[in-house]
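Topology and contacts: notes
Read off the chains here:
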Amino acid sequence: MYPVAPMTRILITATYDPKPESTKLMGAEDRTGRPAQSPDVPMVRILADSATRFRGMSTRAIDTGAEAAEQFWRDGFCVLRSVVSADTLAAASAAVDALPSAELADLSALAGDSGGARFRAGVDHWRTHPAFEALATEGILPALAAAVLRSERVWLYEDSVLVKEPGSEVSTKWHTDDGYFHVEGRQLATMWVPLDPAPLSAGALRFMPGSHATERRYRPTLFVTDDPIPGTDGDAP
């Protein structure tokens, strides 16, 4: 059995890459099958170095991230509880509720579910919605990411919104996040911020500790099925 992540306020998950030092962008012919962005649309957002952007952040937040870093680098994930304020969570919930339906793909349909509660998802909302940009680039989240990654600088690559209606029976399949990105490097993480309680009974996240350290690379799947994205490389999850 795989251990189950407990109910959290914020959970930062590691991705794996065998090149230990740097993190870099990949070219258009990467293994994800996702088209490269146009040159005039930035693929990443530089947040700033810790001496400027993170100045004024509470020492508690930075200390909390530094303490979590040990678990992150050892197990490939870490849990940070009660670090996101109620106001920030409320703003995030309002931003998700305001998203046009056209910006969210119906993952339930992709999984073959034609009726009932839906599971929807979207990416890159920070490019066009100031509320998502603020959530990802200001406040505690980038500061914690820098502390956990033990980095003086942080770049934002992508945001992702997942909305699962109560009663949905569509599950997220086992996968590694790095297969979906155009980047290489060890100082790379995704941050999961649940806006609703996420106990085991509601489908809490599960992780395989230490799986980030293997040299195996896995193909990205269609997320709600085990089918790989066409044109990608790697082992089946």
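Now for a description of the structure that goes with this document. (Residues numbered from 1 in each chain as written. Predicted model: local features only at pLDDT ≥ 70, side-chain atom pairs only at ≥ 80, totals over all residues. Heavy atoms only, no water.)

**Some details on the overall build of the chain**
The condition that has to hold: We count a stretch as a helix when DSSP gives it H or I for four or more residues in a row; a strand needs E for two or more, and each element gets its number in order from the N terminus. We get accessible surface area from the Shrake-Rupley algorithm with a probe of 1.4 Å; when it comes to residues, only the shown protein chains can shield them.
Assigned secondary structure in the chain consists of five helices and ten strands. Accessible area of the chain: about 13,000 Å², with a carbon and sulfur share of 54%.

**Focus on the pattern of salt bridges**
Put simply, the rule is: Basic side-chain nitrogens of Lys or Arg form a salt bridge, by our definition, when they fall within 4 Å of a carboxyl oxygen of Asp or Glu. Exposure classes here rest on a 1.4 Å probe applied to the protein chains alone. A residue is buried below 20% of its type maximum, exposed above 50%, and partly exposed in between.
Tallied over the entire structure, the rule returns seven salt bridges. Among the salt bridges present, the one from Arg118 reaches Asp113, with a minimum N-O distance of 3.7 Å. On the accessibility criterion, Arg118 (9% relative accessible area) is buried. We note a salt bridge from Asp235 to Arg216, for which the minimum N-O separation is 3.1 Å. Here the residue Asp235 occupies a position in the segment after β10 (189-192), and Arg216 occupies one in the segment after β10, the gap between them amounting to 19 residues. On the basis of relative accessible area, Arg216 is assigned to the partly exposed category, the value being 43%. One connected set of salt bridges, linked through shared partners, spans Asp106, Asp113 and Arg118.

**Considerations on the side chain of Ser151**
Selection criterion: We define a polar contact as two N or O atoms separated by no more than 3.5 Å, with the added condition that, inside protein, one atom must be a possible hydrogen donor and the other a possible acceptor, whereas residues neighbouring each other in sequence contribute only through side-chain atom pairs. Contacts between residues were defined by any pair of non-hydrogen atoms, one from each residue, lying within 4.5 Å.
Mapped onto the elements, Ser151 comes out in the loop between α5 (140-149) and β7 (153-156). Here Arg153 takes part through its backbone oxygen, which lies 2.6 Å from a polar atom of the side chain of Ser151. Ignoring any residue separated from it by four or fewer positions in sequence, one finds Ser151 in contact with Ala146 and Gln187.

**Section: unusual backbone geometry**
The backbone phi angle of Asp124 is positive, close to 65°, even though this residue is not glycine. Within the secondary structure, Asp124 is located in the loop between β6 (119-123) and α4 (130-137). Judged by its relative accessible area of 12%, Asp124 falls in the buried class.

**Digging into the packing of helix α2 (residues 86-97) against α4**
We count it as follows: A fitted line through C-alpha atoms serves as each axis, taken over the contacting stretch for helices, and the angle formed by two N-to-C directions is quoted from 0 to 180°. Left-handed describes a crossing whose near helix is turned anticlockwise from the far helix through less than a right angle; right-handed describes the clockwise counterpart.
Orientation of α2 relative to α4, taken along the N-to-C sense of each, is 145°, at an axis distance of 9 Å. In terms of crossing hand, the pair formed by α2 and α4 is left-handed. Of α4, the residues touching α2 (which contributes Thr88, Ala92, Ala95 and Val96) are Ala131, Phe132 and Leu135.

**Some words on the sheet that holds strand β8 (residues 160-164)**
Note: strands within a sheet are paired through backbone hydrogen bonds, in either parallel or antiparallel orientation. Keep this limit in mind: Only strands that DSSP links by at least two bridges are regarded as paired with each other.
One open sheet holds the three strands; their spatial order is β5-β6-β8, and the pairing between them is antiparallel. Where the open sheet ends on each side, the last strands, each with one partner, are β5 (105-106) and β8. Here β5 pairs with β6 via two bridges, running antiparallel. Residue Ala105 lies in a different strand from β6, and its bridge partner there is Ala121.

**A short note on the packing of aromatic side chains**
Rules: Each Phe, Tyr or Trp ring (for Trp, its six-membered ring) is paired with any other whose centre lies within 6.5 Å, and the angle between the two planes then decides the class: stacked below 30 degrees, edge-to-face above 60, tilted in between. Over a ring means this: the NZ of a Lys or the CZ of an Arg is within 6 Å of the ring centre and within 35 degrees of the ring normal.
Scanning the model with the defined rule gives four aromatic pairs in all. Taking the centre distance of 4.9 Å and the plane angle of 15° together, the rings of Phe77 and Phe207 count as stacked. Here Phe207 lies in the segment after β10 and Phe77 lies in strand β4 (residues 77-80), a separation of 130 residues in the sequence. For Phe77, a relative accessible area of 11% puts it in the buried group. The positively charged end of Lys164 is found above the aromatic ring belonging to Phe119, 4.5 Å away from the centroid.

**Re α2**
Definition in use: Here the expected length of a helix is defined as 1.5 Å per residue gap, with one fewer gap than residues.
Taking 1.5 Å per residue as the helical rise, α2 with its twelve residues ought to reach 16 Å, and the 16 Å between its terminal C-alpha atoms agrees with that figure. Buried residues along α2 sit in contact with α4 and β8.

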